[in-house]
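# Report on the structure
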Amino acid sequence: MNADALDPMERLLAERACERLVIEFVHRLDLGDPGSVAELFTPDGTWQWPAGDRRINGRDALRLYFGSRPSDRLSRRICTNILVTVDSADTATALTYFTTYRVDGYSEGLVPPQPPVQVGHYEDTLRKVDDTWLITTRTLHLAFAGPTERLDEPAQS
């Protein structure tokens with residue numbers, strides 16, 4: 001079945017489920033258990049960055065990667081312009097713009113405003129597996145990027 005054969009309500013529900021998956025990803029990274037992000041990928045899922053030719057394959061490797069984030073990291077991602085294209089009843093793509101604010105060395109309280117450390121977009125391929133939409137590949141494209149500041153280190157000028 002191709003995308004044109006989908007009932008409009010099926011298409012709408014698929015689009016919303018895929019949008020929610022994109023949002024759940026950043027929610028788990030910022031406010032939940034980062035290692036659990038791996039469960040949002042298919043078992044053979046991939047996270048990749050074309051710049052630097054970096055690639056992480058499979059849930060176990062993804063769980064280790066995301067679970068190894070510093071415990072004192074404070075981050076917030078803002079996602080917008082989520083464009084989901086449903087290709088069939090069980091495949092879709094998504095393009096999402098994001099901005100990441102992040103510091104390490106966080107313990108509590110408010111952090112003085114910082115510029116974003118990343119601005120870019122995600123390109124996702126998504127697949128419906130056992131009635132659940134999952135990420136097959138997520139490709140991270142950065143337009144702007146800088147280092148993550150440590151709060152307990154003096155600022156560099």
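In the block above lies the structure referred to throughout.
My aim in this report is to walk through the structure given alongside it, one point at a time. (Residues numbered from 1 in each chain as written. Predicted model: local features only at pLDDT ≥ 70, side-chain atom pairs only at ≥ 80, totals over all residues. Heavy atoms only, no water.)

## Considerations on the overall build of the protein
Keep this limit in mind: Going along the chain from the N terminus, every DSSP run of H or I of four or more residues is numbered as a helix, and every run of E of two or more is numbered as a strand. Relative accessibility decides the category of a residue: with a 1.4 Å probe and only protein chains considered, values under 20% of the type maximum give buried, values over 50% give exposed, and everything between is partly exposed. The contact definition used throughout considers only heavy atoms, calling two residues in contact when any of these lie within 4.5 Å. Method for areas: the Shrake-Rupley scheme with a 1.4 Å probe, in which residue coverage is limited to the protein chains shown.
Each helix and strand counted, the protein has two helices and seven strands in total. The helix and strand sequence of the protein, counted from the amino end, reads α-β-β-α-β-β-β-β-β. Dimensions of the protein, computed from the C-alpha atoms along their principal axes, are close to 60 × 30 × 30 Å. When burial is assessed residue by residue, the protein has 36% of its 157 residues classed as buried. At a minimum sequence separation of 6, the contacts of the protein that also span at least 24 residues come to 58%. Only carbon and sulfur atoms are counted for the fraction: they give 53% of the accessible area of the protein, which is about 9200 Å².

## A word on the pattern of salt bridges
Using the following cut-off: For salt bridges, the criterion is a side-chain nitrogen of Lys or Arg within 4 Å of an Asp or Glu carboxyl oxygen.
A complete count under the given rule lists nine salt bridges for this structure. Linking Arg127 and Asp44 is a salt bridge whose minimum nitrogen-to-oxygen distance equals 3.8 Å. One end of the pair, Arg127, is in strand β5 (residues 118–129); the other, Asp44, is in strand β1 (residues 41–49), with 83 residues separating them in the sequence. On the accessibility criterion, Arg127 (30% relative accessible area) is partly exposed. In this structure, the salt-bridge partner of Arg73 is Asp104, at a minimum N-O distance of 2.7 Å. Remark: Asp104 occurs in strand β4 (residues 91–104) and Arg73 occurs in the loop between α2 (59–67) and β3 (74–88); sequence separation between them is 31 residues. Exposure remark for Asp104: the relative accessible area of 8% places this residue in the buried category.

## Considering the environment of Val22
Note that Val22 resides in helix α1 (residues 8–31). The spacing of Val22 and Ala94 is 72 residues in sequence and 8.4 Å in space, taken between C-alpha atoms. Not counting residues within four places of it along the chain, the set of residues in contact with Val22 comprises Ile82, Ala94, Thr96, Asp124 and Arg138.

Shape descriptors only; they carry no functional weight alone.
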